[in-house]
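For reference, the chains in residue letters:
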Amino acid sequence: MALMTGAQYIESLRKLNTRVYMFGEKIENWVDHPMIRPSINCVAMTYELAQDPQYEDLMTAKSHLTGEKINRFSNIHQSTEDLKNKVKMQRLLGQKTASCFQRCVGMDAFNAVYSTTFEIDEKYGTDYFERFKKFLIMVQNEDLVVDGAMTDPKGDRSRAPHAQDDPDLFLRVKEVREDGIVVRGAKCHQTGSINSHWHIVMPTIAMGEDDKDYAVCFACPSDAEGLFMVYGRQSCDTRKLEEGGGMDVGNPKFGGQEALVVFDDVFIPNEYVFMNGEYDFAGMLVERFAGFHRQSYGGCKVGVGDVVIGAAALAAEYNGVEKASAVKDKLIEMTHLNETLYSCGIACSAEGHPTKSGSYIIDLLLANVCKQNITRFPYEIVRLAEDIAGGLMVTMPSNVDFNSDLVVGREGETIGDFCHKFFVGNGKCDTMDRMKVFRFLENICLGAAAVGYRTESLHGAGSPQAQRIMIQRQGNIQGKKQLVKDIVGIEE
Ligand code: SF4
Ligand code: FE
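Residues numbered from 1 in each chain as written. Chains lettered and ligands numbered in written order. Predicted model: local features only at pLDDT ≥ 70, side-chain atom pairs only at ≥ 80, totals over all residues. Heavy atoms only, no water.

Draft legend 1. Seen up close, the site of ligand 1. Around ligand 1, a shell composed of Cys100, Phe101, Gln102, Cys104, Thr191, His293, Ser296, Tyr297, Cys300, Lys301 and Glu456 is seen. For the shell around ligand 1, the leading source of residues is helix 7 (residues 282-319), giving 5 residues. Counted by class, the shell around ligand 1 contains 5 nonpolar, 4 polar and 2 charged residues. Built from parts of two domains, the shell around ligand 1 gets at least three residues from each of domain 1 (6-282) and domain 2 (286-475). (Near = heavy atom within 4 Å. Helix = DSSP H or I, 4+ residues; strand = E, 2+ residues; numbered from the N terminus. Nonpolar A, V, L, I, M, F, W, Y, C, P; charged D, E, K, R; others polar. Domains from an automatic or database assignment.)

Spelled out as structure tokens, the structure:
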């Protein structure tokens, strides 16, 4: 099948019977729900850009399994060139949406599961790799979105999965049948889960023998029986429901999405099971998925950063201060920080290497350094953007007030007239354009999109400490001590 268009993707979602709950109710038509639709539009961009000849090299690839042209989001990286193109594609999508476009979690899961199942089979003589390849060919041929689901609720963080009071706090195999397994548990803050045709579920931490039932990886359709999702709230999300809200939404078209995904005894046929009890490979799968997703942030957050910098520069222009040297310097600093993040994304890709399966993986140390910087720099970029924009981005009246014809002035002026009069900027720009830029910045700095640009920069793909552990492990301090010994002549 040919690659889907954005419109075909949206139509394909209507055919699913995905169970979605929000505000205590089942949402029947979630595809057109005003709070959900912007996140669907975002994923649709991954299809639309793949149809555009100018982005073909970045957005598509040739399947190493079928030789067919596929969307890069379902590609298994075959070279460092592929790894770099992945990051560039993500930057492009961040620039076009100013949001999290969600499809990367599946791509990162494919690459982690592909290389890990190969090595499980090598040790245990299982046939997970062949099963997974079959599944992936279907995904590639049908151009599907797959959610990569890793994070369990985790309960008491000091205890292992099997040692929790409630055994369901980590997703587990509840029952083994001849033809498959029954799984129970949940995955938290799942990016794009509702907008995905399928899910790939992976363990969330390295595990020991006692956690065998929790060492499970599988794929299942998003509308499988027993599976449902509870939509996650975002700051200012109900602005999308307001009548006449208009620019108050900030980003009129796009947004991200997270949900709680519950597996309330879901049957998984054997053909979709890619790990079942091989607990000694849980750590490898987690490390690889996390590594790929930490690389991803060196693309997507940089693309959004480009838009933040653009919005700050526009705000400065509309405020009439774009020539001030302090403003120019802040924009330089923002650019410096943003390009440093991009350098990390490209560097961990350029230093990638083949896995035993033949697919390419990033340099794990550099990918973790990339993500560690992501936990900091977007916060500074946002601080500078707020600094340049000024306080109006959080104190200005609503869109309704700007459009209000309620007469309140002595000479018959309306509320709208006063808003326009007092919020004029450099005299050259349209006052409403100025306000739109402020609302857009508000959305990214502390509104709904701050989920993707701020908190997700901190906790997505693993919280800062997770990267520090990896940096410690990969940092080769012993080797560095030896360098000194060699130079100054210490022999032990
Ligand atoms: Fe993709 Fe970035 Fe969203 Fe992760 S946070 S799914 S890498 S856009
Ligand atoms: Fe993420």
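Draft legend 2. Local environment of the coordination of the iron ion (ligand 2). Looking at the iron ion (ligand 2), one finds its protein donor set to be Tyr297 (OH) and Glu456 (OE), positioned 2.3 to 2.4 Å from the metal centre. Here Glu456 lies in helix 15 (residues 450-459) and Tyr297 lies in helix 7, a separation of 159 residues in the sequence. Overall, Tyr297 belongs to the buried group, its relative accessible area being 2%. (Donors = N, O, S within 2.8 Å, 3.2 Å for Na, K, Ca; no water. Buried < 20%, exposed > 50% of the residue type's maximum accessible area, 1.4 Å probe, protein only.)

Draft legend 3. Geometry of a nonpolar patch on the surface. A contiguous nonpolar patch, built from Leu483, Val484, Ile487, Val488 and Ile490 and spanning about 510 Å² of accessible area, is present on the exposed surface. Counting through the fold element by element, Val484 comes out in helix 17 (residues 477-488). Accessibility expressed as a relative area gives 46% for Val484, which makes it partly exposed. (Patch = residues over 30% accessible without salt bridge, like charges linked within 9 Å, V, L, I, M, F, W, Y side chains within 5 Å. Areas by Shrake-Rupley, 256 points an atom, 1.4 Å probe, with all protein chains shown as cover. Salt bridge = Lys/Arg side-chain N within 4 Å of Asp/Glu carboxyl O.)

Draft legend 4. Layout of the sheet that holds strand 5 (residues 146-149). With respect to topology, 4 strands assemble into an open sheet ordered 5-8-9-12, the strand pairing being mixed. Two strands close off the open sheet at either side, each with one partner strand: strand 5 and strand 12 (273-276). Across this sheet, the average inter-strand angle for adjacent strands is 20°, counted without regard to direction. In this structure, strand 9 (residues 216-221) lies alongside strand 12, joined through 3 bridges in antiparallel fashion. Within the sheet, the bridge partner assigned to Val216 lies in strand 12 and is Asn276. (Pairing = 2+ DSSP bridges. Axes fitted to C-alpha atoms, helices over the stretch in contact; angles between N-to-C directions.)

Draft legend 5. Focus on the packing of helix 2 (residues 37-48) against helix 4 (residues 80-97). In contact at an axis separation of 10 Å, helix 2 and helix 4 are set at 130° when each is read in the N-to-C sense. Comparing their axes, helix 4 and helix 2 come out oblique. Of the two possible hands of crossing, helix 2 and helix 4 adopt the one that is right-handed. Between helix 2, through Cys42, Met45 and Thr46, and helix 4, the contact on the second element is made entirely by Leu93, Lys96 and Thr97. When grouped by side-chain class, the residues that make up the contact of helix 2 with helix 4 number 3 nonpolar, 2 polar and 1 charged. (Parallel < 35°, antiparallel > 145°, perpendicular 65-115°, else oblique. Left-handed = near helix turned anticlockwise from the far one by under 90°. Contact = heavy atoms within 4.5 Å.)

Draft legend 6. Just the pattern of salt bridges, in detail. The tally for this structure, following the rule as stated, stands at 33 salt bridges. Here Lys330 makes a salt bridge to Asp387, at a shortest N to O gap of 3.1 Å. Residue Lys330 is found in helix 8 (residues 325-350), and its partner Asp387 is found in helix 10 (residues 377-389); the two are separated by 57 residues along the sequence. Overlapping salt bridges bring together Glu11, Arg14, Asp32 and Arg37 as one network.

Draft legend 7. Up close: the sheet that holds strand 1 (residues 20-22). The strand order 2-1-10-11-7-6 describes an open sheet built from 6 strands, whose pairing is mixed. Edge positions in the sheet fall to strand 2 (25-26) and strand 6 (172-177), since each of these pairs with one other strand and no more. Both strand 7 (residues 180-191) and strand 11 (residues 258-269) contribute to a ladder of 10 bridges, which runs antiparallel. The partner of Lys187 across the bridge, within strand 11, is Val261.

Draft legend 8. Structural view of the packing of aromatic side chains. Within the structure shown, the criterion is met by 16 aromatic pairs. Both rings, one in Phe135 and one in Phe274, keep their centres 5.9 Å apart while their planes meet at 45°; by these two values the pair is tilted. Of this pair, Phe135 sits in helix 6 (residues 128-142) while Phe274 sits in strand 12, and the two are 139 residues apart along the sequence. As far as the burial class goes, Phe135 and Phe274 line up, both buried. When the centroid spacing of 6.4 Å and the interplanar angle of 90° are considered together, the rings of Phe170 and Tyr214 count as edge-to-face. Of the two residues, Phe170 sits in the loop between strand 5 and strand 6 while Tyr214 sits in the loop between strand 8 (198-201) and strand 9, which places them 44 residues apart along the sequence. Considered together, Phe170 and Tyr214 belong to a single accessibility category, that of buried residues. Among the aromatic residues, ring-to-ring pairing joins Phe132, Phe135, Trp198, Tyr272 and Phe274 into one connected group. Here Arg91 stacks its cationic end above the ring of Tyr342, 4.4 Å away from the centre of that ring. Over the face of the ring belonging to Tyr47 we find Arg103, whose NZ or CZ atom lies 4.2 Å from the ring centre. (Phe/Tyr/Trp six-rings, centres within 6.5 Å; stacked < 30°, edge-to-face > 60°. Lys NZ or Arg CZ within 6 Å of the ring centre and 35° of its normal.)

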